[in-house]
Amino acid sequence: MKKLLLSMAMTAFVTTGFAQKKLVLYYSETGTTKTVAEELQKQLGADIESIEAIEPYSGNFQETMQRGQKEMQSGEMPALKPLKAKLAAYDVIFLGYPIWFGTYANPIATLVKEQDFAGKTIVPFCTFGSGGLNTSTEALKKALPKAKVVTGYGVRTARVKAAGKELDRFLKENGYKQGTVSKLPEYSAQQPVTEAEKAIFDAACSSYQFPLGTPETFGKRTTDDSIDYEFKVKSQGFGGGGASTSTIYVTVSKEEGATPEFTEVVR
């Protein structure tokens, strides 16, 4: 009887989770975040809306960074067009953005000041050159203390084609989509990098536009689809600052001819 009641309770919990009204709300300047947002919408069957600045950004990287920096320094964030969606109607909001200066893009800063997210579950998703999911999630938690900001999803712009498969796992693991996936194994304990691992790191990271540092130790795991590495990396701070340690994740697909790719930098 107890097992039956527990099963019924779990079924009710899952059914409630799937029945929650969901909105994919995103800002995208170049179209990369839009690609991820539309994949999310397709897999969830959710409503979707883009966030638009009244004065659009140019789409040019340097011009956008210059404008963005001026806005952050002055505190004058971009004005936004009114949302069509009524946020009060949704239980879960998937909030998407590119990473600028290590956190969410400036239009999101305007959004979280102007809109009421109290009582909502916020699922961040972002696109980035190297990383920023962790830092932007923490920033959202501070900006939205009355909302529940949960674990999100991030993907490098260079790997956006992998988003479909990765989102399928993410959504099922976290109960937003029906289906089950096998649990990923833990990384092994850290051990000194040998020439073999250094070659894998270099193959994944050497083409990145900024130096990512020198790997000192690594952990490793094997999944059904790939061999993954967790590198602890020493790097010099920007502007001649002191040395710092970051974590860089690298994956090597088991598909024939696949080359190592770095998936994220966590600083």
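Our subject is the structure that appears above.
These numbers were taken from a predicted model, which means no experiment stands behind them.

### Details of the overall build of the protein chain
Right, so step 1: Along the protein chain, the regular secondary structure elements total seven helices and twelve strands.
Right, so step 2: For 267 residues, the compact-globule estimate of 2.2 N^0.38 gives 18 Å, and the C-alpha radius of gyration of the protein chain, at 20 Å, lies within 12% of that figure.
Right, so step 3: Here the C-alpha coordinates of the protein chain stretch approximately 60 × 55 × 30 Å along the principal axes.
Right, so step 4: Taking all 267 residues of the protein chain together, 43% fall into the buried category.
Right, so step 5: A sequence separation of at least 24 residues applies to 68% of the contacts in the protein chain between residues at least 6 apart.

### Let's talk about the nonpolar core
Right, so step 1: Counting 32 residues, the largest nonpolar core has L25, I51, I108, L111 and L140 as the members making the most contacts within it.
Right, so step 2: Listed by contribution, the elements that provide at least two residues to this core are β1 (22-26), β3 (92-100), α4 (106-114), β5 (121-128) and α5 (133-143).
Right, so step 3: Of all the elements, β3 adds the most residues to this core, at five residues.
Right, so step 4: Those residues within four positions of L111 in sequence are excluded, and the remaining contacts are L25, I51, L80, L83, L95 and F117.
Right, so step 5: Within the second largest apolar cluster, 19 residues are counted, among which are V24, V92, A163 and L171.

### Remarks on the packing of aromatic side chains
Right, so step 1: Applying the stated criterion across every chain, the model contains 14 aromatic pairs.
Right, so step 2: Aromatic pair F170 and Y176: ring centres 6.3 Å apart, planes at 35°, arrangement tilted. The pair F170 / Y176 is uniform in exposure class, with both members buried.
Right, so step 3: Seen in terms of ring centroids, F218 and F231 are 6.3 Å apart; in terms of plane orientation they differ by 40°. Their pairing is tilted.

### Digging into the pairing of strand β7 (residues 153-156)
Right, so step 1: Residues Y153 and V155 point to one face of β7 and G154 and R156 to the other, with burial holding for every one of them.
Right, so step 2: Where β5 and β7 come together, four bridges link them in parallel fashion. Bridge assignment links F128 to a residue of β7, and that residue is R156.

### Some remarks on unusual backbone geometry
With the exception of glycine, most residues fall at negative phi, and the peptide bonds are largely trans.
Right, so step 1: Positioned with a positive phi, F101 is a non-glycine residue whose angle comes to about 55°.
Right, so step 2: Position of F101 relative to the elements: it lies in the loop between β3 and β4 (103-104).

### With respect to the sheet that holds strand β10 (residues 226-236)
Right, so step 1: Read across the sheet, five strands follow the order β8-β9-β10-β11-β12 without closing on themselves; strand pairing throughout is antiparallel. Looking along the sheet, the strands with just one partner apiece sit at the ends: β8 (191-192) and β12 (261-266).
Right, so step 2: For β10 and strand β11 (residues 243-253), the ladder comprises eleven bridges, and the chain directions are antiparallel. By the bridge assignment for β11, K232 is matched with T247.
Right, so step 3: Those strands touched by helix α7 (residues 195-205) are β9 (214-222), β10, β11 and β12, and its axis lies near 90° from that of β11.

### Some points on α7
Right, so step 1: E197, I200, F201, A204 and C205 are the residues of α7 that are buried. Each buried residue of α7 sits inside an arc of 110° when the element is viewed along its axis, so together they form one side.
Right, so step 2: On the buried face of α7, the contacting elements are β9, β10, β11 and β12.

### Things to note about helix α3 (residues 61-74)
Since the α-helix packs 3.6 residues into each turn, any two residues three or four apart lie on the same face.
Right, so step 1: For α3, with 14 residues, the first-to-last C-alpha span of 20 Å sits near the 20 Å given by 1.5 Å per residue.
Right, so step 2: Those residues of α3 lying buried are T64, M65, R67, G68 and E71. The buried residues of α3 occupy one face: seen down the axis, they fall within an arc of 170°. Residues of α3 that are exposed and point over 90 degrees away from its buried face: K70 and Q73.
Right, so step 3: Looking at the packing, one finds that the buried side of α3 touches β3 and α4.
Right, so step 4: Here α3 starts with a cap whose side-chain oxygen sits 3.1 Å from the backbone nitrogen of Q62, and that cap is N60.

### Quick look at the pattern of salt bridges
Right, so step 1: Following the criterion strictly, the structure yields 15 salt bridges and no others.
Right, so step 2: Here D202 and K198 are joined by a salt bridge, their closest N and O atoms 2.8 Å apart. Residue D202 and its partner K198 are located together in helix α7, separated by four residues, close to a single helical turn.
Right, so step 3: Among the residues examined, D202 registers a relative accessible area of 30% and is labelled partly exposed.

### Comments concerning the pairing of β10
Within a regular strand, side chains alternate between the sheet's two faces.
Right, so step 1: In this structure, β9 lies alongside β10, joined through eight bridges in antiparallel fashion. The residue of β10 that forms the bridge with G219 is E230.
Right, so step 2: Hairpin connection between β9 and β10: a loop of three residues separates the two successive antiparallel strands.

Rules of the game
- Residues numbered from 1 in each chain as written.
- Predicted model: local features only at pLDDT ≥ 70, side-chain atom pairs only at ≥ 80, totals over all residues.
- Heavy atoms only, no water.
- Helix = DSSP H or I, 4+ residues; strand = E, 2+ residues; numbered from the N terminus.
- Rg over C-alpha atoms; globule rule 2.2 N^0.38 Å.
- Buried < 20%, exposed > 50% of the residue type's maximum accessible area, 1.4 Å probe, protein only.
- Contact = heavy atoms within 4.5 Å.
- Core = buried A, V, L, I, M, F, W, Y, C linked by side-chain atoms within 4.5 Å.
- Phe/Tyr/Trp six-rings, centres within 6.5 Å; stacked < 30°, edge-to-face > 60°.
- Pairing = 2+ DSSP bridges.
- Axes fitted to C-alpha atoms, helices over the stretch in contact; angles between N-to-C directions.
- Arc of directions from axis to C-beta.
- Expected span 1.5 Å × (residues − 1).
- Polar contact = N/O pair within 3.5 Å; in protein donor to acceptor, adjacent residues only side chain to side chain.
- Salt bridge = Lys/Arg side-chain N within 4 Å of Asp/Glu carboxyl O.

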